[in-house]
Amino acid sequence: MSGKLDRRLVALADAVEVADGRLEPGIVERARGVVARAGKRLGLGVDATVVALAGPTGSGKSTLFNALAGTELSEVSRRRPTTATAAGAVWGQPGDGLLDWLEVPRRHRIEGADTDGLVLLDLPDFDSVQVGHRLEVERLLEMIDLVVWVVDPQKYADSSLHDRYLRALSDYEQTMVVALNQSDLLEPGNRDACRADLERLLREDGLSAVPVLTISARRGDGLDDLRRVLERRVAARSAAVDRLAADVTTTASVLAAGCSDDAAPGIGRADRQRVVESLAEAAGVYTVTRAVALAHRRRGSLATGWPFLRWVRRLRPDPLRRLRLGSRPDPDLRTSLPGPTALQSAQAAAAVRSLANGAAVGLSAPWPSLVRRAATRSEDQLADGLDRAVAGADLDPPRPRWWRLVGVLQALFAIVALAGGLWLLVLAALGFLHIPDVLPLPEVEGIPLPTLLLGAGLLAGMLVALLARTFNRVGARRRARAAAVSMNRRVEEVASQLVIQPVEAELAAHDRLCAATRRALTGRSGMRRGSR
Ligand SMILES: Nc1nc2c(ncn2[C@@H]2O[C@H](COP(=O)(O)OP(=O)(O)O)[C@@H](O)[C@H]2O)c(=O)[nH]1
Ligand SMILES: [Mg+2]
């Protein structure tokens, strides 16, 4: 019996842990209180049964208490308000631990009785004009195992009793008894009518299974019946467990308010892709991809281009350096990327929101908003994370080795062309000065050698430059593609860490909370519908 309650309490504690920070703080606090109180109560032993006499002012609680205890421990009084604290009577063995925990200072011990294990409390009036009395009643009603509602023919229908207490206690049918006191004041015919009316009201409160006893505390009518009911409950030693079980049921139902049978669909593949794409766009992946291609072509033509035109290339800055990207990947360095445009930011935010909404479809409040909150919780880290993702990507692989070879070749061609040009200049100068040819002018196939050197050097350099340019274009495309892949992978990691995982964690929290409340409600682990 209490093994099952233990399991249910463990489940409830698990549910509280998940609910913390997610469901309303008041609800979570109350649930935490139930778990703590149950632990305390079970620790004090379930063999004792704590019964409280509760009711409105003057219904006869104290008179009934004295009658049952056979002492005048509790003050019976027409003068109101009466005492602020409860009085306790203990039958037989229960120790002081229970009354210490209940914080009941006025105690009376009844030795050698049959109802061994009964702890009876006379509570202050729940409708007292003194707020302190009412609070004390409410504090104790949360702790006791069984309550005997003592009502009288004048006040049994009061809304303060039904609206404030009984209607909210439909999970607690097992843990209450109603005593219609002062029945000696009623004519025998009215007595049954009054009792029938009381039973009707209880049915309307959802408490049709609660036993109703007609008694007179002053004259002793019906007290034996009441004693027998109490003795039976005490002997069963189950009142404490029943009450705690009712607590667990009520609390778990409240925590499970947002649980439905349908499992959430989880994150859709298309939604995830849209988030990654919009984040990649916002991160400037496309800008950087273009810069990688341009930078490769610029560097390629500086290394392999026609030496006589390289200065043109040098006029424009290196597109990667300008963005403070490339060379060594440095994830700690901020790039000089311009940052997302308003449109890009809005699109990324919309993609994240729609992913969250899609993932929470079918969940009841508050879960859709919790999932949205999880998806956007790290929003302010997103810009930084994306910038690091781009900065840390491998954007600048080593230069192709053939560049050096072609570079040397271009230098040779340039030297040849320059040598030819210089030679021709010398010849021209000599001619200008009318100095007769001192040197023979070698010819190849009828073309003077310096002309050939100049022409061939220039032509070869140009041809090689054109060829290298074609290769560099292809290389630039390949490098741009590789850079995009590297950046996209890193953007995906950022998306996963800051958006996808938090959403998945929230969905897992939903599943865990709902499974835990189900266990808390049934005591069984129960099959999970849909798994993630
Ligand atoms: N006629 C009648 N009077 C009762 C009965 N029980 C209590 N009273 C009286 O009702 C008044 C209030 O009783 P008390 O026990 O102090 O009520 P409490 O406020 O509920 O504790 C006292 O004058 C009691 O004598 C009963 O069964 N019949
Ligand atoms: Mg009293």
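Just above sits the structure.
What counts as what
- Residues numbered from 1 in each chain as written.
- Chains lettered and ligands numbered in written order.
- Predicted model: local features only at pLDDT ≥ 70, side-chain atom pairs only at ≥ 80, totals over all residues.
- Heavy atoms only, no water.
- Helix = DSSP H or I, 4+ residues; strand = E, 2+ residues; numbered from the N terminus.
- Buried < 20%, exposed > 50% of the residue type's maximum accessible area, 1.4 Å probe, protein only.
- Contact = heavy atoms within 4.5 Å.
- Polar contact = N/O pair within 3.5 Å; in protein donor to acceptor, adjacent residues only side chain to side chain.
- Phe/Tyr/Trp six-rings, centres within 6.5 Å; stacked < 30°, edge-to-face > 60°.
- Axes fitted to C-alpha atoms, helices over the stretch in contact; angles between N-to-C directions.
- Parallel < 35°, antiparallel > 145°, perpendicular 65-115°, else oblique.
- Left-handed = near helix turned anticlockwise from the far one by under 90°.
- Nonpolar A, V, L, I, M, F, W, Y, C, P; charged D, E, K, R; others polar.

Caption draft 1: Structural detail: the environment of Lys-61. Tracing the sequence through the fold places Lys-61 in helix H3 (residues 61–69). Lys-61 gets classed as buried once you look at its relative accessible area, which sits at 4%. Sequence separation of Lys-61 and Ala-509 is 448 residues, and the distance between their C-alpha atoms is 47 Å. Setting aside anything within four residues of it in sequence, one finds Lys-61 in contact with Leu-53, Ala-54, Gly-55, Pro-56, Asp-122, Leu-123, Pro-124, Asp-125 and Val-150. Separated by 3.3 Å, the side chain of Lys-61 and the backbone oxygen of Gly-55 make a polar contact. A polar side-chain atom of Lys-61 sits 2.8 Å from the main-chain carbonyl oxygen of Pro-56.

Caption draft 2: Fine view of the packing of aromatic side chains. All told, the structure shown has 6 aromatic pairs when counted by the stated rule. Ring centres 5.6 Å apart and planes at 50° place the aromatic pair Trp-149 and Tyr-165 in the tilted group. Linking Trp-149 in strand S5 (residues 146–151) with Tyr-165 in the loop between helix H6 (159–162) and strand S6 (176–180), this pair joins segments that are 16 residues apart in sequence. Judged by its relative accessible area of 1%, Trp-149 falls in the buried class. Taking relative accessible area as the criterion, Tyr-165 reaches 6% and is therefore assigned buried. Look at Trp-402 and Trp-403: their rings are 6.4 Å apart centre to centre, the planes differ by 90°, and that puts the pair in the edge-to-face class. Overall, the relative accessible area of 31% leaves Trp-402 in the partly exposed class. Look at Trp-403 and you get buried, because its relative accessible area is 4%. A connected cluster of aromatic rings, assembled from ring pairs, spans Phe-126, Trp-149 and Tyr-165.

Caption draft 3: Highlighting the packing of helix H2 (residues 25–43) against helix H9 (residues 239–255). Taken N-terminus to C-terminus, the directions of H2 and H9 make an angle of 160°; their axes are 10 Å apart at the nearest point. Judged by the angle between their axes, H2 and H9 are roughly antiparallel. Between H2 and H9 the crossing geometry is left-handed. Here Ile-27, Ala-31, Val-34, Arg-37, Ala-38, Arg-41 and Leu-42 of H2 come into contact with H9, specifically with Ala-240, Leu-244, Asp-247, Thr-251, Val-254 and Leu-255. Classifying every residue of the contact of H2 with H9 gives 9 nonpolar, 1 polar and 3 charged.

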